Amino acid sequence: MATLAGKEISQNGLGLMRMIWHYGPMPDEQAFKVLKTALAAGANVWNGADFYGLPDNNSLHLMNRYFTAYPEDAEKVVFTVKSGLVDMKTFTMDCSPTGLRKFVDNALRILDGKKKIDIFGLARVDPNVPVEESVKALAELREEGKIGGIQLSEVRADTIRRAASVTKIDMVEAEVSLWSREVFENGVAETCAEHGIVLLAHTPLGAGMLTGAIKSVDDLPQTHHRIVPRFQPESIAQNRLLVEELEKVAKSKGCTVAQLALSWVKAQSRRPGMPFIVPIAGARSKERVLENMQDIELTDLDLETIKSILEEYPVAGARYPPAAARLNEY
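Because the structure is predicted, anything quoted here is derived from the model rather than measured.

**Looking at the overall build of the protein chain**
Reasoning step 1: A count of helices and strands for the protein chain gives 12 helices and 14 strands.
Reasoning step 2: A globule of 330 residues ought to have a C-alpha radius of gyration of about 20 Å, and the protein chain, at 19 Å, matches this closely.
Reasoning step 3: For the C-alpha atoms alone, the extent of the protein chain along its principal axes is close to 50 × 45 × 40 Å.
Reasoning step 4: For the protein chain, the proportion of its 330 residues judged to be buried stands at 57%.
Reasoning step 5: For the protein chain, long-range pairs separated by at least 24 residues make up 75% of all intrachain contacts whose partners lie at least 6 apart in sequence.
Reasoning step 6: Entry remark: accessible area of the protein chain is about 13700 Å², with carbon and sulfur atoms responsible for 52%.
Reasoning step 7: Charge centroids of the protein chain, computed over 39 positive and 44 negative side chains, lie 3 Å from each other.

Put into structure tokens, the structure is as follows:
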């Protein structure tokens, strides 16, 4: 077990984006069932952002409503919040001390005392503000009791070290999955382990590709994924070859390919020099939550088989379109 903001966490987390953004906000009755089910299953790290949704209905508003209905759950959950994004269309950031303080104060206003901000941090590093300056401001907010801990997102190893030289960094969020393995190759995972930082794996199911549900562009929802290079027709065709091989492994293990993919991410924590890794798959139904939370034991032979498949079927297409990718550090 690891801890975040002083609370024990499991290797099962929950992404909040699908409940409130892109796919349309879920009715509270439905969303609350998903949240209750996740918590009961042990997924107590809930990952949101103040830009998931609309200014008057985003992750923060959802948390306000949920913890108003279930105040007894507030201390059981580690709520993580990404912030610093000023304009989604231009991907403009403001991670200055003044900007971050405004974002935190606004988040606290929306939460209205129903839930503490357990972990708060940069959705991306602001290219106009040194990361040291941003995390120093977050450390002051933590000392004031406005946030419980600090996170970074999509950062290179050197940035983590620079930030950690200023103050304790609690969490790093990065895309980690069977088709996004960069953190194991560029030193990010090792640096997190070196500094005792929890690695939160966002998009661990490849935005649905690793569930086996996406076989062509027609299977994509009407979201930003339709402009992602990895989801263009020629890329999907090649990436389906990888998924088909993984489906064979899943069948041999008696599990779904989604369960295989999530268990693979968690299994990376067992490798020497790796941090505690928590995948945060999203879900819009109780059934999907329960499927995602079921751990599958992967033997060394299973992991070797998967490694061979990954080497034989390289992933086609970039993770982000160029406009969004410019804020990623790798």
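Now that the structure has been shown, the text picks up again.
**Describing the environment of Pro204**
Reasoning step 1: Topologically, Pro204 is positioned in the loop between strand S13 (198–202) and helix H8 (233–253).
Reasoning step 2: Of the residues examined, Pro204 reaches a relative accessible area of 2% and is grouped as buried.
Reasoning step 3: The spacing of Pro204 and Val265 is 61 residues in sequence and 7.5 Å in space, taken between C-alpha atoms.
Reasoning step 4: Here Pro204 is in contact with Val176, Ser177, Leu210, Ala261, Leu262, Pro279, Ile280 and Ala281, once residues within four sequence places are set aside.

**A look at the sheet that holds S13**
Reasoning step 1: Strand order across the open sheet formed by 8 strands is S3-S4-S7-S10-S11-S12-S13-S14, with parallel pairing between neighbours. Strands with a single pairing partner mark the edges of an open sheet, and in this sheet they are strand S3 (13–15) and strand S14 (277–279). Strand-to-strand twist of the sheet, defined as the mean angle between neighbouring strand axes without regard to direction, takes the value 25 degrees.
Reasoning step 2: The sheet contacts of helix H9 (residues 257–267) involve S13 and S14, and relative to S14 the element is tilted by about 165 degrees.

**A short note on the side chain of Lys82**
Reasoning step 1: As for its position among the elements, Lys82 is in strand S7 (residues 78–83).
Reasoning step 2: A polar side-chain atom of Lys82 sits 3.3 Å from a polar atom in the side chain of Glu173.
Reasoning step 3: Ignoring any residue separated from it by four or fewer positions in sequence, one finds Lys82 in contact with Asn47, Gly48, Ala49, Asp50, Phe51, Tyr52, Gly121, Ala123, Gln151, Ser153 and Glu173.

**Quick notes on unusual backbone geometry**
Most of the time, phi is negative for any residue but glycine, and the peptide bond is trans.
Reasoning step 1: Here Asp112, not a glycine, exhibits a phi torsion of approximately 55 degrees, which is positive.
Reasoning step 2: Relative to the assigned elements, Asp112 resides in the loop between helix H4 (97–111) and strand S10 (119–122).
Reasoning step 3: Given the relative accessible area of 48%, Asp112 is considered partly exposed.
Reasoning step 4: Phi is positive for Glu154, which is not a glycine, with a value near 55 degrees.
Reasoning step 5: Within the secondary structure, Glu154 sits in the loop between strand S11 (150–153) and helix H6 (157–164).

**So, the environment of Thr80**
Reasoning step 1: Within the secondary structure layout, Thr80 lies in strand S7.
Reasoning step 2: Separated by 70 residues in sequence, Thr80 and Ile150 have C-alpha atoms that sit 9.1 Å apart.
Reasoning step 3: With residues near it in sequence (within four places) discarded, Thr80 still touches Val45, Trp46, Asn47, Gly48, Ile119, Gln151, Met171 and Leu200.

**Regarding the pattern of salt bridges**
Reasoning step 1: One pass over the full model with this rule turns up 22 salt bridges.
Reasoning step 2: We note a salt bridge from Lys7 to Asp118, for which the minimum N-O separation is 3.1 Å. Taken as a pair, Lys7 in strand S2 (residues 7–9) and Asp118 in the loop between H4 and S10 lie far apart in primary sequence, 111 residues in all. Both residues of the pair, Lys7 and Asp118, count as buried.

Definitions and limits used
- Residues numbered from 1 in each chain as written.
- Predicted model: local features only at pLDDT ≥ 70, side-chain atom pairs only at ≥ 80, totals over all residues.
- Heavy atoms only, no water.
- Helix = DSSP H or I, 4+ residues; strand = E, 2+ residues; numbered from the N terminus.
- Rg over C-alpha atoms; globule rule 2.2 N^0.38 Å.
- Buried < 20%, exposed > 50% of the residue type's maximum accessible area, 1.4 Å probe, protein only.
- Contact = heavy atoms within 4.5 Å.
- Areas by Shrake-Rupley, 256 points an atom, 1.4 Å probe, with all protein chains shown as cover.
- Lys, Arg positive; Asp, Glu negative; His and termini not counted.
- Charge placed at Lys NZ, Arg CZ, Asp CG, Glu CD.
- Pairing = 2+ DSSP bridges.
- Axes fitted to C-alpha atoms, helices over the stretch in contact; angles between N-to-C directions.
- Polar contact = N/O pair within 3.5 Å; in protein donor to acceptor, adjacent residues only side chain to side chain.
- Salt bridge = Lys/Arg side-chain N within 4 Å of Asp/Glu carboxyl O.

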